Amino acid sequence: GAVVSQHPSWVICKSGTSVKIECRSLDFQATTMFWYRQFPKQSLMLMATSNEGSKATYEQGVEKDKFLINHASLTLSTLTVTSAHPEDSSFYICSAPLAGGGYEQYFGPGTRLTVT
Amino acid sequence: QKEVEQNSGPLSVPEGAIASLNCTYSDRGSQSFFWYRQYSGKSPELIMSIYSNGDKEDGRFTAQLNKASQYVSLLIRDSQPSDSATYLCAVNFRDFGNEKLTFGTGTRLTIIP
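Residues numbered from 1 in each chain as written. Chains lettered and ligands numbered in written order. Predicted model: local features only at pLDDT ≥ 70, side-chain atom pairs only at ≥ 80, totals over all residues. Heavy atoms only, no water.

### Quick notes on the nonpolar core
Residues and elements named next belong to chain A. How we decide: By convention a nonpolar core is built from buried Ala, Val, Leu, Ile, Met, Phe, Trp, Tyr and Cys residues, the set being connected through side-chain atoms within 4.5 Å. Three labels apply to residues, based on accessible area from a 1.4 Å probe with only protein chains included: buried if under 20% of the type maximum, exposed if over 50%, partly exposed otherwise in between. Under the scheme used here, helices are H or I runs from DSSP no shorter than 4 residues and strands are E runs no shorter than 2 residues, and both carry numbers assigned from the N terminus. Note on contacts: a residue pair is in contact if any heavy atoms of the two residues lie within 4.5 Å.
Ranked by internal contacts, the top residues of the largest apolar core, which has 25 residues, are W35, F67, L79, Y92 and L113. Of all the elements in the fold, those that place two or more residues in this core are strand 2 (10-13), strand 3 (19-25), strand 4 (32-38), strand 5 (45-51), strand 7 (67-73), strand 8 (76-81), strand 9 (90-97) and strand 11 (111-115). Ignoring sequence-local partners within four residues, the contact set of F67 consists of R37, M47, Y58, V62, L79, T80, V81, D88 and Y92.

Below, the structure is given as structure tokens:
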């Protein structure tokens, strides 16, 4: 099957610092990856689309200078939360679609970020 | 605005019975439809995909699609306590060349032993 990993699985950081989250496709190549955020008892909200070799595209209302995305290779995308604040505390999840498929997205296990 | 609507529940079903989950969507151009299961504190897991009108069965799960009514459903037969989770309906749409998913808010399902 399609396996996506994320690292770290959880992180606690102080307000004002930056945190980097990695997303890797382990057994397939992903030219596109997606980053979602999920607050407690809410559904997934798409933050941005990460494209290998080009700039990420951000959803309306998501600050691109705060959430830096780099798609360094066909198996790795990173999300950096810069100058984190307590309101950025959330569950961040990446996903990747299988090429040639019916647009199924396979999700990583998620990263729980707590900003103190 | 692409919208996906689900009854948030909670939906309680006795063990061994059939659980029925429903979803409607707004974009008539959508072609791909998915059901994800999400356990508390975990990320979503794909359990069913459906692309054409009618039924698609996979083990105890059956997905049903009616594009004319813009309606997708998921039936879980012989419900087990391990099926207790939030079920997310997701619908694809194309945006600037990328196939993206819009998720419903999810239906929380509880299987009662």
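### Observations regarding the state of the cysteines
Selection criterion: Two cysteine sulfurs form a disulfide in these notes if their separation is within 2.5 Å.
Per the stated rule, a full pass over the model turns up two disulfides over all chains. Shown here is the disulfide that connects C23 of chain A with C94 of chain A, its sulfur atoms set 2.0 Å apart. Disulfide C23 of chain A-C94 of chain A: the torsion about the S-S bond is 80°, which places it as right-handed. A residue pair is termed long-range when its members are at least 10 positions apart, and C23 of chain A in strand 3 and C94 of chain A in strand 9 qualify at 71 residues. There is no split in this pair, since C23 of chain A and C94 of chain A are both buried. Here C23 of chain B pairs with C89 of chain B through a disulfide, and the sulfurs are 2.1 Å apart. Since a negative S-S torsion denotes a left-handed disulfide, the C23 of chain B-C89 of chain B link at about -70° is left-handed. Residue C23 of chain B is located in strand 3 (residues 19-25), and its partner C89 of chain B is located in strand 9 (residues 85-95); the two are separated by 66 residues in the primary sequence. Of the two residues, C23 of chain B and C89 of chain B, neither departs from the other in class, the shared state being buried. Here C13 of chain A stays free of any disulfide, with the sulfur of C94 of chain A as its closest cysteine sulfur at 18 Å.

### Focus on the confidence of the model for chain B
Applied cut-off: Every residue is assigned a pLDDT by the predictor, reflecting its confidence on a scale from 0 to 100.
When pLDDT is averaged along chain B, the result is 93; 99% of the residues meet or exceed 70. Within chain B, strand 7 (residues 61-66) of chain B carries the highest mean pLDDT (98), whereas strand 10 (residues 98-103) of chain B carries the lowest (86).

### Let's talk about unusual backbone geometry
H7 of chain A connects to P8 of chain A through a cis peptide bond whose omega is 0°. Summarising the element assignment, P8 of chain A is placed in the loop between strand 1 (4-7) and strand 2. Across the junction of G9 of chain B and P10 of chain B, the peptide omega takes the value 10°, indicating a cis bond. Examined against the element boundaries, P10 of chain B turns out to sit in the loop between strand 1 (4-6) and strand 2 (11-14). In this model, K41 of chain A sits at a positive phi of 60°, which is unusual for a non-glycine residue. On the secondary structure map, K41 of chain A appears in the loop between strand 4 and strand 5.

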